[in-house]
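# Fold and contact review
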Amino acid sequence: MNRYERPRAGLTIALPRADLSLETFAVSAPADFPAKVSAPLNRIAFAAAHVVADPLADSDPWLDAAVDWDRTIAFREHLWDLGFGVAEAMDTAQRGMGMSWPQSLELIRRSVAAAKPRKGLVFSGAGTDQLAPDDAKSIDDVIRAYEEQIAAIEAFGGRIILMASRALARVATSGDDYRKVYGRVLSQVKEPVIIHWLGDMFDPALSGYWGTRDLDKATDVAVEIINANASKVDGVKISLLDKDKEITMRRRLAKGVRMYTGDDFNYAELIAGDAQGYSDALLGIFDAIAPAAAAALVALAKNDNETFHGILGPTVPLSRHIFRAPTRFYKTGVVFMAYLNGHQDHFTMVGGQESARSTLHLAEIFRLADAAGLLRDPELAVDRMRAVLAVRGVGA
């Protein structure tokens, strides 16, 4: 047995296969990942944290987002304990997909307040989602919407992630419109921001962002805007799931501007970096794999690349599965992992998105999480996997 293999936990579970048969799956013992990290890290790592729904609220999940605030904040405390920053109220994690702007602002208020006594790092998403895309008539409307959200977040003492705007994608006619909007908005922020370029695989409404569908030309526009406003930009997070484009863009950024990888397919090698640099991280998958990612980052800070890749490598198949197309449904897998690991008592989601992935998809998450050592209490995970399968008609 090598250093990354683990003994069996003495538990089995019947998991469905694509051919409709059931596999007797032997569950492994969990890896010994830390619950808290105090060692210094040499990468900044944000997790785009999920929201815990309130399953007992008298509301319609597809129409109203009922949030369990205590469990939601408790999960952020779990991330801060592991050394992560929290990327709050993000476009991929909540916004435009169940959480309104007023609800998101309340989430930001609570998260920023909870972070202060722990000295936790929080950056929060500022966008234009209070402005319906059809109501955006001009780029001035977009600018005003950005200004409103930035002012509200900064009033709480919050830092900004400047999210991509569906409204801007709709009304902009060229790269010049993006230059005007971002130049105006960035000139007003109190502290440097993280700019988020979200690809259309996450949100089809953002197709053609930066004024063109050609990704190389779009990169040219984005780099020009970022470097022209470098004093106002902490970094840029790109979510294109294309490691080569990220590396190319990273090498073009002005000195002092960070690249935060948003590549949930290739994050291990991008964080490790090369002779010309590396990416910090702002990842949705870090919500689900936080203990493993924390242990890997501690090893990397000690220049132990073998351990870094040995821990993080097995998480990549899990991440690629969770983020498989349609990528916008990745949150189902993230929340399912939180349920399996006891961070919440139910598999109910904002927007009713627990129904967004198939039973076979969830079964494969269980297998891959086991392979990565991420089922921290195998008995609990088995009980909860069986409960979900029973509701879906498997083994009932």
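Just above sits the structure.
Note that the structure is predicted; figures quoted are calculated from it, not measured. (Residues numbered from 1 in each chain as written. Predicted model: local features only at pLDDT ≥ 70, side-chain atom pairs only at ≥ 80, totals over all residues. Heavy atoms only, no water.)

## Some details on the overall build of the chain
When its secondary structure is counted, the chain shows 15 helices and 10 strands. Taking 2.2 N^0.38 as the reference for a compact globule, 396 residues should give roughly 21 Å; the C-alpha atoms of the chain span a radius of gyration of 21 Å, in line with that estimate. The principal-axis extent of the C-alpha atoms belonging to the chain is close to 60 × 50 × 45 Å. The buried share of the chain, taken over its 396 residues, is 56%. Contacts spanning at least 24 positions in sequence make up 70% of the contacts within the chain whose residues lie at least 6 apart. Accessible area of the chain: about 16,200 Å², with a carbon and sulfur share of 49%. (Helix = DSSP H or I, 4+ residues; strand = E, 2+ residues; numbered from the N terminus. Rg over C-alpha atoms; globule rule 2.2 N^0.38 Å. Buried < 20%, exposed > 50% of the residue type's maximum accessible area, 1.4 Å probe, protein only. Contact = heavy atoms within 4.5 Å. Areas by Shrake-Rupley, 256 points an atom, 1.4 Å probe, with all protein chains shown as cover.)

## Comments concerning the side chain of Glu246
Structurally, the position occupied by Glu246 is in helix H7 (residues 243-250). Buried and unpaired, Glu246 has no salt bridge, with Arg250 as the nearest side chain of opposite charge at 4.6 Å. In this structure, Glu246 is in contact with Ile238, Met259, Thr261, Gly262, Asp263, Leu270 and Ser279, ignoring residues within four places of it in sequence. (Lys, Arg positive; Asp, Glu negative; His and termini not counted. Salt bridge = Lys/Arg side-chain N within 4 Å of Asp/Glu carboxyl O.)

## Things to note about helix H3 (residues 139-155)
The periodicity of an α-helix, 3.6 residues per turn, causes residues three or four places apart in sequence to face the same way. The end-to-end C-alpha distance of H3, which contains 17 residues, comes to 24 Å, matching closely the 24 Å that a straight helix rising 1.5 Å per residue would cover. Considered for burial, the residues of H3 that qualify are Ile139, Asp141, Val142, Ile143, Ala145, Tyr146, Gln149, Ile150, Ala152, Ile153 and Glu154. Contact partners of the buried residues in H3: helix H2 (101-118), strand S5 (122-126), strand S6 (159-162), helix H4 (166-171) and helix H5 (175-186). Among the residues trailing H3, Gly157 stands out with phi positive, at a value near 85°. (Expected span 1.5 Å × (residues − 1).)

## Quick word on helix H10 (residues 290-301)
The terminal C-alpha atoms of H10 lie 16 Å apart, and with 12 residues this matches the ideal 16 Å at 1.5 Å per residue to within 8%. By the criterion of burial, H10 is predominantly enclosed, with 10 of the 12 residues buried. For H10, the full list of buried residues reads Ala290, Ala292, Ala293, Ala294, Ala295, Ala296, Leu297, Val298, Ala299 and Leu300. Summarising the contacts, the buried residues of H10 are in contact with strand S3 (45-48), helix H1 (69-81), helix H8 (267-272), helix H9 (285-288), helix H11 (305-312) and helix H12 (315-322). Just past H10, the residue Asn303 takes up positive phi, approximately 65°.

## With respect to the packing of aromatic side chains
Using the criterion set out here, one finds 16 aromatic pairs in the structure. Centroid distance Phe25 to Phe366: 6.1 Å. Interplanar angle 80°. Geometry classified as edge-to-face. Of the two residues, Phe25 is situated in strand S2 (residues 22-28) and Phe366 in helix H14 (residues 359-371); the sequence distance between them amounts to 341 residues. Judged by relative accessible area, Phe25 falls into the buried class, the value being 11%. (Phe/Tyr/Trp six-rings, centres within 6.5 Å; stacked < 30°, edge-to-face > 60°.)

## Some remarks on the sheet that holds strand S7 (residues 193-198)
Taken together, 8 strands build a closed barrel; the order of strands is S3-S4-S5-S6-S7-S8-S9-S10 and the barrel is parallel. Averaged over all pairs of adjacent strands, the angle between strand axes in this sheet comes to 25°, irrespective of strand direction. Strand direction decides the pairing type here: S5 and S6, joined by 4 bridges, are parallel. Each bridged residue has a counterpart across the sheet, and for Phe123 the counterpart in S6 is Arg159. (Pairing = 2+ DSSP bridges. Axes fitted to C-alpha atoms, helices over the stretch in contact; angles between N-to-C directions.)

## Brief notes about the packing of H1 against H2
H2 packs onto H1 with a crossing angle of 45° between their chain directions and a minimal axis gap of 10 Å. Between H1 and H2, the angle is such that the two are oblique. Where H1 crosses over H2, the handedness of that crossing is right-handed. Listed contacts from H2 to Trp69, Thr72, Ile73, Arg76, Glu77, Trp80 and Asp81 of H1 are Gln103, Glu106, Leu107, Arg110, Ser111, Ala114, Ala115 and Arg118. Residues of the contact of H1 with H2, tallied by class, amount to 6 nonpolar, 3 polar and 6 charged. (Parallel < 35°, antiparallel > 145°, perpendicular 65-115°, else oblique. Left-handed = near helix turned anticlockwise from the far one by under 90°. Nonpolar A, V, L, I, M, F, W, Y, C, P; charged D, E, K, R; others polar.)

## Describing the packing of H10 against H11
At their nearest, the axes of H10 and H11 sit 7 Å apart, and the two run at 170° to each other. Between H10 and H11, the interaxial angle falls into the category roughly antiparallel. Judged by the twist between their axes, the crossing of H10 over H11 is left-handed. The residues of H11 that touch H10, namely those facing Ala292, Ala293, Ala295, Ala296, Leu297, Ala299 and Leu300, are Asn305, Thr307, Phe308, Ile311 and Leu312. Classifying every residue of the contact of H10 with H11 by side-chain character gives 10 nonpolar, 2 polar and no charged.

## Re the environment of Pro16
Its location among the elements puts Pro16 in strand S1 (residues 8-16). On the accessibility criterion, Pro16 (8% relative accessible area) is buried. For Pro16 and Leu389, which are 373 residues apart along the polypeptide, the C-alpha to C-alpha distance reads 8.8 Å. Among residues more than four places away in sequence, those in contact with Pro16 are Ser21, Leu22, Thr359, Leu360, Ala363, Arg367, Leu389 and Val394.

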